[in-house]
Amino acid sequence: MAVISERLLKNDTIQEKVHVATLYPGLEVFVFPKKGYNKKYASFATQFGSIDNSFYVEGNKNLLEVPDGVAHFLEHKLFEGEKGNVFDEFARKGASANAYTNFTMTNYLFSSTDNFEDCFDLLINFVQDPYFTAESVEKEKGIIAQEIRMYEDNPGWRLFFNLLGCLYSVHPVRKDIAGTVESIMDIDEEILYKCYRTFYHPSNMALFVVGDLEPERVIHQVMENLEHRDYQPLGEIKRIYPEEPQAVRDKCVREKMEVYQPLLSLGFKDRNVGFTGRDLFKKELASELVLEMLFGKSTETYNRLYEEGLINDQFGTSFVAEKDYAYTMMGGETPDPDKLYQALLDSITQYIQKGFKEEDFERQRRKMLGEFLRNFNSLEFIANNFLYYHFRENNLFDFVSLLQEMKAEDIHLRLRELFDKDYHSCSIITSNGG
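Residues numbered from 1 in each chain as written. Predicted model: local features only at pLDDT ≥ 70, side-chain atom pairs only at ≥ 80, totals over all residues. Heavy atoms only, no water.

(A) Structural context of the nonpolar core. Counting 70 residues, the largest nonpolar core has Phe30, Phe208, Met330, Leu344, Phe376, Ile411 and Phe419 as the members making the most contacts within it. Per element, the largest residue contribution to this core is ten residues, and it comes from helix 9 (residues 277-295). Not counting residues up to four positions away in its chain, the partners in contact with methionine 330 are Leu264, Ser265, Leu266, Phe268, Leu291, Phe295, Phe315, Gly316, Thr317, Leu344, Ile348 and Phe419. With 57 residues, the next largest nonpolar core counts Ala21, Phe90, Ile124 and Ile184 among its residues. (Core = buried A, V, L, I, M, F, W, Y, C linked by side-chain atoms within 4.5 Å. Buried < 20%, exposed > 50% of the residue type's maximum accessible area, 1.4 Å probe, protein only. Helix = DSSP H or I, 4+ residues; strand = E, 2+ residues; numbered from the N terminus. Contact = heavy atoms within 4.5 Å.)

(B) Main features of the pairing of strand 16 (residues 326-333). Among the eight residues in strand 16, seven count as buried, and that is most of the element. In the sheet, strand 15 (residues 316-321) pairs with strand 16 via six bridges, with the strands oriented antiparallel. Note on strand 16: the bridge partner recorded for valine 320 is tyrosine 327. What sits between the antiparallel neighbours strand 15 and strand 16 is a turn of four residues. (Pairing = 2+ DSSP bridges.)

(C) Broad picture of the sheet that holds strand 16. Taken together, five strands build an open sheet; the order of strands is 13-17-14-16-15 and the sheet is mixed. Across the chains shown, the open sheet's two edge strands, defined by having one partner strand only, are strand 13 (252-257) and strand 15. Going from strand to strand, the sheet's axes swing by 15° on average, the running direction of each strand aside. Two strands pair when backbone bridges link them, and strand 14 (residues 263-269) and strand 16 are joined in this way by seven bridges, in the antiparallel orientation. (Axes fitted to C-alpha atoms, helices over the stretch in contact; angles between N-to-C directions.)

(D) Fine view of the packing of helix 9 against helix 11 (residues 337-354). For the pair helix 9 and helix 11, interaxial distance at closest approach is 11 Å and the crossing angle is 110°. Overall, the two elements helix 9 and helix 11 adopt an arrangement that is roughly perpendicular. The segment helix 9 lies against helix 11, with Met293, Leu294 and Phe295 engaging Leu344, Ser347, Ile348 and Tyr351. Counted by class, the contact of helix 9 with helix 11 contains six nonpolar, one polar and no charged residues. (Parallel < 35°, antiparallel > 145°, perpendicular 65-115°, else oblique. Nonpolar A, V, L, I, M, F, W, Y, C, P; charged D, E, K, R; others polar.)

Shown next, in the form of structure tokens:
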């Protein structure tokens, strides 16, 4: 079993480096040494998320379409090995384990201060040793159905997916990550194994480890593990997404639930998509700078809306961008969703008309850079973000250079692109009694 390549990623500003080895048949292993840290953190992730429901592998043109919720279902099932629940095994070794599935990836992770090598072996093995039976899959359907119903009763979750359902007509990002109670009933062990053999091939995955560790030793441990497995090369996975129209599907959706305060989320569909690598990263940073300059907690807009009682300190903004979709969201609890909705649109219009001051841009840029550098004291931040950006063909270290290269003109352009009123929607949750 061979090391295909090795390289070193470095950043002089933050004075950190990551050792990278690509092992046959394509698994990338990242080791980030952090001297003096007692805690160690490892994650093993695959580029398989909830939107990957239609795909084929290069060399085999047979398109496979699977029910909604398979990626999340696989995450559940992998923790149930032939010898029992893997969570219990991590707990016996003194480690804390977890996993999550989002739109584009599934990540398995643990942290520990002791028994790292044993826990790391456990992580590598359980992710690579699936064990599904018809009986265990049927049992899991009941557990996941209960989880889906629980989220259906969560006002914040409903607010989020109701808005995505307004912004998008056919793209799978509009669907719940776990699928629906109906869709998961169509999942069986054959579908799980087919998806597993495609998306859990090492060439579609990556391992990331951070802590006071010797990179050579970690890489050798992974290499020894892979040597005992009969992996063959896999062609490129081609993901098929429906063609999404530019227009939003609906302008607004309202739902009544058990809430103490009404909730509003305002969203803008970004039609300027198709970016990858540094271009995608630059677009994301420019968008976050715009949102912070417009609605950050030190801005005139935020403080005015807060003093008027239209928002509380839970108000927030976010920008999400992948190659095929991107959107902006803002909102939170409010006593008057319709008034806040209009106030947000008016603020955006005024901001676009008057622009922003150069010193505001510089201040926010310095603030964003400072927060990024402070986050490098958190092993969880490093591990979770490194693989997230790696799967988007980005290097997390590029954050610094991209931010330093950013010009005020870039932000002015992004401001006008980001908030096109013809492509916005809103989601409102009000009280059952309201």
